[in-house]
Amino acid sequence: MMDPIIQLKHLSKHFGKTKALDNVTLTIPKGKIIGLLGPNGSGKSTLFKILNGLLAPTEGEVLIGGHAPSIESKGLISYLPERTYLNDWMKVHELLDFFEDFYEDFQRNKAMTMLEALHIDPKAALKTLSKGNKEKVQLILVMSRKAEVYLLDEPIGGVDPAARDYILSTILSNYAEGATLLISTHLISDIEKIFDEVIFLKDGGIYDYASVEDIREKSGQSIDELFREVFKC
Amino acid sequence: MPWNFDNSIPIYLQIIDEIQRKILSGELKPGEKLPSIRDLAKEAKVNPNTMQKALQELENQGLIESERTTGKFITQKEAQIKKLREEYLKEKLLPCIKELTTLGLTKDELHALIDTHMKEGAI
């Protein structure tokens with residue numbers, strides 16, 4: 001087994017009677033791009049929030065690079081949440097200042113290059129941008145950090161199909177070498193070619209954790225097709 | 001050039017196929033240096049580990065050679081490329097011939113058919 005970067009041991013999270021995560025044990029190695037897939041309500045966002053220290057687990061243990069969720073672990077993780085937490089009156093270049101102050105590993109020149117490539121004016125206020133461009137700005141901020149773990153919750157949900165490929169290239173060309181990416185998405189067929197492995201979450205538990213090429217080889221199916229089969233309503 | 005993949009077939013096999021095709025068509029020339037794995041992965045929009053796996057397999061087949069400090073090159077060994085051509089053509093042609101012979105086509109009819117269509121400039 002390769003060096004682990006994330007370890008979950010008997011992790012559970014209950015909201016009242018609802019078990020959002022139920023006894024999840026999982027070891028995620030360094031240097032992989034992993035799809036976190038599951039239907040609505042399967043526990044994807046809850047898992048991201050726990051990894052990022054925004055929610056405390058009901059039971060079990062979480063280790064990121066050997067640290068429990070803490071200031072140390074947050075320094076290793078670059079997180080793209082499902083919803084924005086940025087102040088939308090801020091201008092894009094002010095957001096860069098904000099990230100620069102907050103994160104030692106933020107690479108401003110990288111962010112500027114990406115903004116230019118995606119034709120986003122650094123002087124524009126966030127609220128004046130389209131939904132797709134807002135998402136791009138957030139992704140740029142997140143990918144400009146030199147992190148060990150990138151947690152991307154639905155990174156291409158709001159952008160049009162033509163821009164998706166561009167976003168994928170942005171992710172591929174900017175993540176720090178040797179880092180692990182955990183990406184949740186419903187747009188599996190658009191993104192599955194960049195995965196090494198996928199985790200299928202079902203009802204708060206791990207349904208399967210496998211290499212995507214193994215799945216294709218064994219089943220003759222794409223990940224998208226397999227997903228539709230497993231989670232058929 | 002965009003790389004198009006069928007998501008239901010292992011991506012690394014499709015990369016191998018595409019690079020083999022480029023060697024045979026002369027798009028990639030003997031002795032030509034390949035871009036880095038990360039750059040190739042970016043171009044094809046695939047995971048760098050997948051690209052690595054495909055190039056490793058091509059190296060095992062003797063079509064790519066690695067030099068420790070300078071990177072990866074297309075082989076200059078003519079025998080390797082000749083072998084690739086034979087295998088590649090066989091691989092493409094056999095399923096087609098099989099399909100047509102199960103329809104009852106004889107060898108002579110097949111030859112005649114090829115002559116007709118190639119003469120008409122359809123191919």
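Since the structure is predicted, the reported quantities are computational estimates derived from the model, not experimental observations.

How each quantity is defined
Position labels on residues start from 1 in each chain and follow its written sequence. Chains carry letters and ligands carry numbers; both start at the beginning, A for chains and 1 for ligands, and go up in the order they are written. In keeping with the model being predicted, local features are shown solely for residues with a pLDDT of at least 70 and side-chain atom pairs are shown and tallied solely at 80 or more, while totals for entire chains, interfaces and linings include all residues. The numbering of helices and of strands both runs from the N terminus, where a helix is a DSSP run of H or I of at least 4 residues and a strand a run of E of at least 2. For a compact globule the rule gives 2.2 Å times the number of residues to the power 0.38, and the radius of gyration it is set against comes from C-alpha atoms. To sort residues by burial, count the other C-beta atoms lying within 10 Å of each one's C-beta; a count of 20 or more means buried, 12 or fewer means exposed, and anything in between means partly exposed. C-beta atoms are built from the backbone. Any pair of residues counts as being in contact when their C-beta atoms, constructed from backbone geometry, are within 7 Å of one another. Two strands qualify as a pair provided that DSSP identifies no fewer than 2 bridges between them. Lines fitted to C-alpha atoms define the axes, with helix axes restricted to the stretch in contact, and inter-axis angles between N-to-C directions lie between 0 and 180 degrees. Domain boundaries shown here were taken from an automatic or database domain assignment. Nonpolar cores are identified as sets of buried Ala, Val, Leu, Ile, Met, Phe, Trp, Tyr and Cys residues joined via C-beta atoms within 7 Å.

1. Remarks on the overall build of chain A
Alright, step 1. Along chain A, the regular secondary structure elements total nine helices and nine strands.
Alright, step 2. For chain A, the C-alpha radius of gyration of 18 Å lies close to 17 Å, the compact-globule estimate for 233 residues.
Alright, step 3. Each principal axis of the C-alpha atoms in chain A carries an extent, and together these give about 45 × 40 × 35 Å.
Alright, step 4. Counting only residues that meet the buried cut, chain A has 41% of its 233 residues in that class.

2. What about the overall build of chain B?
Alright, step 1. Secondary structure summary: chain B contains five helices and two strands in total.
Alright, step 2. Helices and strands in chain B line up, N terminus first, as α-α-α-β-β-α-α.
Alright, step 3. Over its C-alpha atoms chain B spans a radius of gyration of 18 Å, topping by over 25% the 14 Å that the globule rule assigns to 123 residues.
Alright, step 4. When its C-alpha atoms are laid out on the principal axes, chain B stretches across 55 × 35 × 25 Å.
Alright, step 5. Residue pairs at least 24 apart in sequence account for 52% of intrachain contacts in chain B once pairs closer than 6 positions are excluded.

3. Let's talk about the environment of A:Val92
Residue and element names in this part refer to chain A.
Alright, step 1. In this fold, Val92 is placed in helix 3 (residues 92–102).
Alright, step 2. Residues Val92 and Lys9 lie 83 residues apart in sequence; the distance between their C-alpha atoms is 39 Å.
Alright, step 3. Apart from residues lying up to four places away in sequence, Val92 is in contact with Leu115, Ile120, Pro122, Ala124, Leu126 and Val137.

4. Quick notes on the sheet that holds strand 6 (residues 149–153) of chain A
All names here are of chain A.
Alright, step 1. Reading across from one edge, 5-6-7-3-8-9 is the order of the six strands in this open sheet, with mixed pairing throughout. The open sheet has two edge strands with one neighbour each: strand 5 (77–80) and strand 9 (205–211). Neighbour-to-neighbour, the strand axes of the sheet open up by a mean angle of 15°, direction not taken into account.
Alright, step 2. When strand 8 (residues 197–202) meets strand 9, the two strands line up antiparallel, connected through six bridges. Note on strand 9: the bridge partner recorded for Glu197 is Ser211.
Alright, step 3. Each of strand 3 (33–37), strand 5, strand 6, strand 7 (180–184) and strand 8 touches helix 1 (residues 44–51); the most contacted strand, strand 6, lies at about 145° to it.

5. Things to note about the interface of chain A and chain B
Alright, step 1. Of the residues lining the interface, 21 residues belong to chain A; the matching set on chain B comes to 13 residues.
Alright, step 2. With five residues, helix 6 (residues 161–174) of chain A is the largest single contributor of residues to the side of chain A that touches chain B.

6. Topic: unusual backbone geometry
All names here are of chain A.
Alright, step 1. With a phi close to 45°, His10 is a non-glycine residue in the positive phi region.
Alright, step 2. For His10, the position within the fold is in strand 1 (residues 4–15).
Alright, step 3. Classification of His10 as exposed rests on a count of 12 C-beta atoms within 10 Å.
Alright, step 4. Here the phi dihedral of Asp203 falls at roughly 50°; this positive angle occurs in a residue that is not glycine.
Alright, step 5. Inspection of the secondary structure assignment puts Asp203 in the loop between strand 8 and strand 9.

7. Here's the deal with the domain arrangement of chain B
Alright, step 1. Domains assigned within chain B are domain 1 (11–76) and domain 2 (79–119).
Alright, step 2. Using C-alpha coordinates to define each centre, domain 1 of chain B is positioned 27 Å away from domain 2 of chain B.

8. Details of the sheet that holds strand 2 (residues 18–29) of chain A
Residues and elements named next belong to chain A.
Alright, step 1. Strand order in the open sheet formed by three strands is 2-1-4, with antiparallel pairing between adjacent strands. One side of each edge strand has no neighbouring strand; the edge strands of this open sheet are strand 2 and strand 4 (59–64). Between one strand axis and the next, the sheet turns by 15° as a mean value, whatever way the strands run.
Alright, step 2. Of the strand pairs in this sheet, strand 1 and strand 4 are connected by five bridges, and their pairing is antiparallel. In the sheet register, Ile6 faces strand 4, and the bridge partner there is Ile64.

9. A short note on the nonpolar core
Residue and element names in this part refer to chain A.
Alright, step 1. In terms of nonpolar packing, the biggest core is built from 78 residues, with Ile34, Leu51 and Leu151 touching the most fellow members.
Alright, step 2. Take this core: its biggest share by element is six residues, from helix 5 (residues 131–143).
Alright, step 3. When residues no more than four places from it in sequence are discounted, the contact partners of Leu51 are Ile6, Val62, Ile64, Pro69, Ile77 and Leu151.

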